[in-house]
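The chain contents come next:
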Amino acid sequence: METTQQADQQRAAERRRRELLEAADRVVLRDGPQASMNAIAAEAGITKPILYRHFGDKGGLYRALAVRHTDALLDALRAALDAPSDRRERVEATLDTYLAAIEARPQVYRFLMHPAEDPQQSEQGFDVGRHSAPLLRRLGEELAKVIEDRVDLGPGGKELSRVWGHGIVGMMYAAGDWWLGERPCSRAQLVRSLADLLWGMLAAAGDRVGGPGF
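Calculation criteria
Residues numbered from 1 in each chain as written. Predicted model: local features only at pLDDT ≥ 70, side-chain atom pairs only at ≥ 80, totals over all residues. Heavy atoms only, no water. Helix = DSSP H or I, 4+ residues; strand = E, 2+ residues; numbered from the N terminus. Salt bridge = Lys/Arg side-chain N within 4 Å of Asp/Glu carboxyl O. Buried < 20%, exposed > 50% of the residue type's maximum accessible area, 1.4 Å probe, protein only. Phe/Tyr/Trp six-rings, centres within 6.5 Å; stacked < 30°, edge-to-face > 60°. Lys NZ or Arg CZ within 6 Å of the ring centre and 35° of its normal. Core = buried A, V, L, I, M, F, W, Y, C linked by side-chain atoms within 4.5 Å. Contact = heavy atoms within 4.5 Å. Axes fitted to C-alpha atoms, helices over the stretch in contact; angles between N-to-C directions. Parallel < 35°, antiparallel > 145°, perpendicular 65-115°, else oblique. Left-handed = near helix turned anticlockwise from the far one by under 90°. Nonpolar A, V, L, I, M, F, W, Y, C, P; charged D, E, K, R; others polar.

(A) Local environment of the environment of Arg-150. In this structure, Arg-150 sits in helix H7 (residues 128-150). Along the chain, Arg-150 and Arg-208 lie 58 residues apart, while their C-alpha atoms are 5.2 Å from each other.

(B) Broad picture of unusual backbone geometry. Even without a glycine there, the phi angle at Arg-183 is positive, about 50°. Along the polypeptide, Arg-183 turns up in the loop between helix H8 (157-182) and helix H9 (187-204).

(C) The pattern of salt bridges, seen in detail. Enumeration over the complete set of coordinates arrives at 16 salt bridges. In this structure, the salt-bridge partner of Glu-43 is Arg-26, at a minimum N-O distance of 2.7 Å. Linking Glu-43 in helix H2 (residues 37-44) with Arg-26 in helix H1 (residues 2-31), this pair joins segments that are 17 residues apart in sequence. For Glu-43, a relative accessible area of 31% puts it in the partly exposed group. Salt bridges sharing common partners tie together Arg-26, Arg-30, Asp-31 and Glu-43.

(D) Main features of the packing of aromatic side chains. Applying the stated criterion across every chain yields a total of one aromatic pair. Between Tyr-62 and Phe-111, the ring centres sit 6.1 Å apart and the planes meet at 40°, which makes this aromatic pair tilted. Of this pair, Tyr-62 sits in helix H4 (residues 58-81) while Phe-111 sits in helix H6 (residues 106-113); the two residues are 49 residues apart in sequence, bridging distant segments of the chain. Seen from the ring of Trp-199, Arg-88 lies directly overhead, with NZ or CZ sitting 5.7 Å from the centre.

(E) Molecular detail of the nonpolar core. Leu-61, Leu-65, Leu-95, Tyr-98 and Leu-112 are the most contacted members of the largest nonpolar core, which has 53 residues in total. Once residues lying within four places of it in the same chain are set aside, the contact partners of Leu-95 are Met-171, Met-172, Val-191, Leu-194, Ala-195 and Leu-198.

(F) Representation of the packing of H4 against H6 within the structure. Contact geometry of H4 with H6 gives a least axis separation of 10 Å together with a crossing angle of 130°. Considering the angle they form, H4 stands oblique to H6. Here H4 runs over H6; the crossing is left-handed. Only Val-108, Phe-111 and Leu-112 of H6 make contact with H4, whose side of the interface consists of Lys-58, Tyr-62, Leu-65, Ala-66 and His-69. Considered class by class, the residues forming the contact of H4 with H6 number six nonpolar, one polar and one charged.

(G) Spotlight on the packing of helix H5 (residues 87-104) against H8. For the pair H5 and H8, the least separation of the axes is 10 Å and the interaxial angle reads 45°. Of the possible angle classes, the one that applies to H5 and H8 is oblique. Viewed along their axes, H5 and H8 form a crossing whose handedness is right-handed. In contact with Leu-95, Tyr-98, Leu-99, Ile-102 and Glu-103 of H5, H8 contributes Met-171, Met-172, Tyr-173, Gly-176, Trp-179 and Leu-180.

Rendered as structure tokens:
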């Protein structure tokens, strides 16, 4: 009986946490990097101390939102990589999936990757860079695993796949950040240009024997 009660309490806590994250998402979509704990608490219909009880501080809330959105992005990227098409099309689809995600929810992207422009509107001590770096590292490691599993890079392939994985993520992040801010070209044009940059080595590498192919 006690075990069942504990399980019910855990499910209720997880459900409440999801509800609070959904409230935070709504505020972030509206306010971007200026989203505050006060505004999120008000949106959720609770007091700020209760919000702190669930997440600790804005850093804790940020990490929970980052996991939520990174998980969704990784699912979309994996779907693009697994699409039944040739390698060049999948490379372009993967790049486009990332760019489409930041274009569709620019305020969420800016909240996760940029500090508020007005420091007075940010919670004191919140360092976006300290929290965003692990997000990019996670994307790099995930992509490295995909490359290692699918592409034959020969001796030292594991190390090279990590170089490629982190390098591609860094390129996508830097190019996407610049593009989202300035819009110097269409998304399709940017995708083609980045794919052209990557294509030489990716075209030359064979599929790994026994792997799912790329």
